[in-house]
Amino acid sequence: SSAHANDWVKKFETKEYFLVPLFGGIGYSTLEILWRGYTHWTMALTGGIGLLVLYIVAGLTQWGFWKKCFNSCLCLTCLELMVGTVVNLYMNWHVWDYSDQPGNLFGQICPLYTVFWFFLCLLLVPVCSWIRLFLYPPRKPLPACPDKIT
């Protein structure tokens, strides 16, 4: 319901807007260095935004695990297209180029990397839940108060 969604957004605190993108930027930059041997500063920003989007999607309690992973994968692919359009096509920084991959769109996204994003989301959706538990550990209920003090 709309009221439930608004309650959830109100609970989204400033520390999440700082910590989640920080984890995402560091994590994605590290992953890219391990995968390609180098990274670009724009990938740290993109990784931060990407993890924040996944964090929000993972918090949608009405969605099951597979739906969260699939939609997160689509969000990452859209983010990759948007960032690639700016940094590669408009700015000509040549951060990546999938032109040699089958089914690519403008050399910025391709089915192969969309599948990679899906497998990454299989890991990251639970990680986002763990981050949420770290930021908001469950509280023990207070003991019941007696109705009357004798």
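The present account deals with the structure reproduced in this document. (Residues numbered from 1 in each chain as written. Predicted model: local features only at pLDDT ≥ 70, side-chain atom pairs only at ≥ 80, totals over all residues. Heavy atoms only, no water.)

Some points on the overall build of the protein
Our working definition: The helix count covers DSSP runs of H or I at least four residues long, the strand count covers runs of E at least two residues long, and both are numbered beginning at the N terminus. A 1.4 Å probe rolled over the protein chains alone gives each residue an accessible area, and that area as a share of the maximum for its type sets the label: buried under 20%, exposed over 50%, partly exposed in between. Contact criterion: two residues are considered in contact whenever any of their non-hydrogen atoms come within 4.5 Å of each other. Every accessible area reported is derived by Shrake-Rupley at a probe size of 1.4 Å, with residue values counting cover from the shown protein chains alone.
Counting its secondary structure elements, the protein contains 5 helices and 0 strands. The N-to-C order of helical and strand elements in the protein reads α-α-α-α-α. The burial tally for the protein puts 35% of its 150 residues in the buried class. Looking at the protein alone, contacts between residues at least 24 apart form 61% of all its contacts between residues at least 6 apart. Put simply, the protein shows about 10100 Å² of open surface, and 71% of that area lies on carbon and sulfur atoms.

Looking at the layout of surface pockets
Definition in use: We place a 1 Å grid over just the protein atoms. Points where a 1.4 Å probe fits but has no way out form a cavity, open points with protein on both sides within 12 Å along at least 5 of 7 lines form a pocket, and any residue with an atom within 4 Å of a point lines it. Grid points are joined across faces, edges and corners, and a volume is the space filled by probe spheres set on the points. Residues are grouped as follows: Ala, Val, Leu, Ile, Met, Phe, Trp, Tyr, Cys and Pro are nonpolar; Asp, Glu, Lys and Arg are charged; every other residue, Gly included, is polar.
The volume enclosed by the largest pocket comes to roughly 710 Å³. Among the secondary structure elements, those contributing two or more residues to the lining of the largest pocket are α2 (14-36), α3 (41-58), α4 (65-90) and α5 (111-135). Of the residues belonging to the lining of the largest pocket, the class tally is 20 nonpolar, 5 polar and 4 charged.

Re the pattern of salt bridges
Where we set the bar: Salt bridge, as used here: a side-chain nitrogen of Lys or Arg that lies within 4 Å of a carboxyl oxygen of Asp or Glu.
According to the stated counting rule, one finds 1 salt bridge in the structure shown. Arginine 36 serves as the salt-bridge partner of glutamate 32, at 3.7 Å between the closest nitrogen and oxygen. Of the two residues, glutamate 32 and arginine 36 both sit in helix α2, 4 residues apart, roughly one turn of that helix. Among the residues examined, arginine 36 registers a relative accessible area of 27% and is labelled partly exposed.

Concerning the packing of aromatic side chains
Stated precisely, the cut-off is as follows: A pair of aromatic rings is counted whenever rings of Phe, Tyr or Trp (Trp by its six-membered ring) have centres within 6.5 Å, and the orientation is called stacked for planes under 30 degrees apart, edge-to-face for over 60 and tilted otherwise. Any Lys NZ or Arg CZ that is within 6 Å of a ring centre and within 35 degrees of that ring's normal is treated as a charge sitting over the ring.
Counted according to the given criterion, the structure contains 10 aromatic pairs. With 5.8 Å between their ring centres and 55 degrees between their planes, tryptophan 41 and tryptophan 93 make a pair best called tilted. Note that tryptophan 41 is positioned in helix α3 and tryptophan 93 in the loop between α4 and α5, a separation of 52 residues in sequence. For tryptophan 93, a relative accessible area of 36% corresponds to the partly exposed category. In this arrangement the basic side chain of arginine 132 is found over the ring face of tyrosine 55, its NZ or CZ atom lying 4.0 Å from the centre.

What about α4?
Formally: A helix is expected to span 1.5 Å for every residue after the first.
Look at α4: 36 Å from first C-alpha to last across 26 residues, which is about the 38 Å you get at 1.5 Å a residue. Just past α4, the residue asparagine 92 takes up positive phi, approximately 60 degrees.

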